[in-house]
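Fold and geometry: a report
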Amino acid sequence: MTSNDWSPQLVPGAQQLVDAAHEIQRQQKTEQPCVNHWLLALVDRFGPMAESLTTGLDQTAIKRYLRDQLRQGIQGMPLSDNDVLAKALARAAMRGKQQIMERDLAAAILQAANYELTAAAPPTPTPSTPTSSVTPTAGSSPKAIPEPTASTTVASTPVPQPGTDPPRAMRPTPTLEQFGRDLTREAREGKLPPVVGREAEIQLMIETLCRTTKRNPVLVGPAGSGKTAIVEGLAQRIARGEVPAALRGSRLLAIQPSTLVAGAGMVGELEKRMKALLAEANQDGMLLFIDEVHSIIGAGGAPGSSDMASLLKPTLARGEIACIAATTDDEYRRFIEQDAALERRFQPIRIQEMTPEQALVVITSLRDSLASRRGVKVGDEILRWLIEFAGRYLRNRNFPDKAVDLLEQCIAFAITQGRDIVTMAEAEAVAQRMIGMPLAIEERLHPLQKQLIDDALLANEDAQALTSRLEVTLRGLDLRSSRPNAVLLLLDQAAAVSEALAGVIAERLFGASDRVVAIDFGRFVHPADVTMLIGAPPGYVGYSDSLPLHRLFQMPWCVVRCENVHACHPQVLAVFLQALATGVLTDARGKRIYLSDTVVLMTAAVGVEEHRSIGFRQADASKRSDTRQAVSAALGEELVDLADIVCAEVPIVDAAQRHFLTRLLTTLAERYQAQGLVLHWDASIVDWLATQQDRAASQLDWERLVDQHISPQLVRSLPPSGQQQKLKVGFLDGSIQITLHAE
């Protein structure tokens, strides 16, 4: 039977809709109309009507989606004229009409596409409606309504692949596909990396999804522990059919809240998107995955009223969708637990950081996968070295993420160098570049000790004590490796050189003199000033401000210079001493700041008479004990106990003094050369400065002496802009002499 036989029962608008569906069918060159042909014709001609007859249908999104499906050759299940028009005629008869109106035909098409009709849709025939076949004739009314065939009740938008379970969610999902990723489709296409070592977690997630209530698992664990990979592992199991019958044929789509909010600036746009998304997800066989689920709170509107969380909670409460979420421990505690209505909708699954042995299995599997795709080989010994390196130097990150990053970077380096194998030397070079410092400990410590002595920044015994300490801690062989690599307490004259000392340690140990985090504890004089150290609590002024300690997130290998610890409030000092003891400081946001890779310098204005600085190699044990007792009386026993080295003086011997003064003048010459003044220092100026030792007890005193007696005369000799002048500076007849320098 053709559509012409039905023409007497169709109003003109309905006839135009039938003709439009047939036109799309002819363009697609199919034998008969299919579901997607009818649906596209409907939204093209009567889009607003279709939106009013069902929930979750966005005519703009569905048009784009259907056209894309048809371009890919996905037509949907066949839907003949007789099937759809008979159903539409039955709806008209229920209203006492003998002709099919546009709304009758639209409702029949939507029902065939598995959309749920609203109360505004024409009535649905009751089970008592006759179901024998009918052949309409011109001018006659239908005597019976044919039984809808299987093709009218299933719209196979996703096409099942050979060897896989047929998809159960048949209704089109344009909004989900626009704003999300179909993980099960990517799994079938082999686009997801293999997942190993998380079988127990995947099994627990499957069990939760098979529950009838609270079937929304939330993966809670440290950043980089592999939460997203676990969800991808579930998608691969679904694609292979290795799941219970309740989950077979399901589609797993990942949604990013930031993507959903982007571009939804108009009032009501986010609500419209969420309504369409949730309506599409509200069908059998649909699973949603929301990564960084804490970001839905406050996304797109005020928390608790118009944000994504408020729009999602009613659907979760009714159990209409199955949702998998993931977030970190800190964000779960700060955001999800604070919203009791949201928290009780999810079932937490704790994800622990992998052990080094488990991470080795992961990167071994990844190595084999990358070898076939990228053509680069990596040996087993290099994989073991990468695991050891990541565990030692990347303490602020978690397995397996940090090991995977190192492996990927090594392979990328080999590709850029045109090599098909990664050598140990290349792996070490890549790792050194990633952490920003040389790996050879001996190459760092020997120059450090020499410069500390030559520049008179530490006494010999203190410099040796520092390097001895670092020889152990930099290798992670100390008994409490979570503590800082070294803690120095600088008093009296030693405190005056703290800035220069920090710069030298940062340059020699960590590769750059600017790897210094400076904090003035002298500002923390009230108990409430602890917020200036660790941040303000949520909801208070300054909560989102950046703190000096936050720099440790970007450069965990650095020197932390704590000035004037003697002047801060005891409660503030207690917080910091606890961090020194454990190696971890938790800020007001709940983030953990690790001090385990740092060197901490603390300065205090405490005088210690007749005592030399002390360290691990101090020969005079009684003098060391006396000094510590004197400092403990002023600063507290706990502070002194946490200091690995206590320095009270910086003695300057003649050779070290002259070397220090030469470096000081060289630095000054570099400053003036940028202004066009080239300086040459005569030995007499160094001799004169050396005689001023009684006026200079610290590096700051020497710098002040140069600025007061030499710099003013040099400033008056600066050449005009763009010109250059060469001068010689010496000391003659009791005064500083500046003359032109002859080549």
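Before reading on, note that the structure itself is shown above.
Residue numbers restart at each chain and count upward from 1, following the sequence in its written direction. Predicted model: local features are reported for residues with pLDDT of at least 70 only, side-chain atom pairs are reported and counted for 80 or more only, and whole-chain, interface and lining totals are derived from all residues. Think of the side-chain values as coming from all heavy atoms in the structure, minus any hydrogens and water.

When helices and strands are tallied, the protein shows 31 helices and 18 strands. The burial tally for the protein puts 50% of its 743 residues in the buried class. We call two residues in contact whenever any of their non-hydrogen atoms come within 4.5 Å of each other. Here the contacts in the protein between residues at least 6 apart in sequence split such that 74% fall between residues at least 24 apart. The numbering of helices and of strands both runs from the N terminus, where a helix is a DSSP run of H or I of at least 4 residues and a strand a run of E of at least 2. A 1.4 Å probe rolled over the protein chains alone gives each residue an accessible area, and that area as a share of the maximum for its type sets the label: buried under 20%, exposed over 50%, partly exposed in between.

Where burial is concerned, most of strand β11 (residues 559–563) is hidden: five out of the five residues are buried. Every second residue of β11 is oriented toward a common face, with V559, R561 and E563 on one face and V560 and C562 on the other, all of them buried. The rule for pairing is simple: two strands pair if DSSP sees at least two bridges between them. Sheet analysis places strand β10 (residues 516–520) next to β11, joined by five bridges and oriented parallel. Pairing of V516 across the sheet is with V559, part of β11. Two elements, β11 and strand β14 (residues 599–604), share four bridges in a ladder whose sense is parallel. Note on β14: the bridge partner recorded for V559 is V599.

With 64 residues, the main nonpolar core has L488 and V599 as its most contacted residues. Those residues in contact with V599 that sit more than four places away from it in its chain are L470, N485, A486, L488, I505, L509, F510, C558, V559 and V560. Residues I62, Y65, L70 and L89 belong to the second largest nonpolar core, which totals 40 residues. Only buried residues count toward a nonpolar core, which is a set of Ala, Val, Leu, Ile, Met, Phe, Trp, Tyr and Cys residues joined through side-chain atoms within 4.5 Å.

Axis lines are fitted through C-alpha atoms, for helices just across the contact stretch, and the angle between N-to-C directions can take any value from 0 to 180 degrees. Relative orientation of the contacting elements helix α1 (residues 12–28) and helix α2 (residues 35–53) amounts to 130 degrees, with a least axis distance of 8 Å. Classed by the angle they form, the pair α1 and α2 counts as oblique. Crossing hand, α1 versus α2: right-handed. Residue-level contacts link G13, Q16, L17, V18, A20, A21, I24, Q25 and Q28 of α1 to H37, W38, L40, A41, L42, R45 and F46 of α2. Put simply, Ala, Val, Leu, Ile, Met, Phe, Trp, Tyr, Cys and Pro go in the nonpolar bin, Asp, Glu, Lys and Arg in the charged bin, and everything else, Gly too, in the polar bin. For the contact of α1 with α2, a count of residues per class yields ten nonpolar, five polar and one charged. Under this scheme an angle from 65 to 115 degrees is roughly perpendicular, one under 35 degrees roughly parallel, and one over 145 degrees roughly antiparallel; angles in between are oblique. The handedness criterion is simple: a crossing whose near helix is rotated anticlockwise from the far helix by less than a right angle is left-handed, and one whose near helix is rotated clockwise is right-handed.

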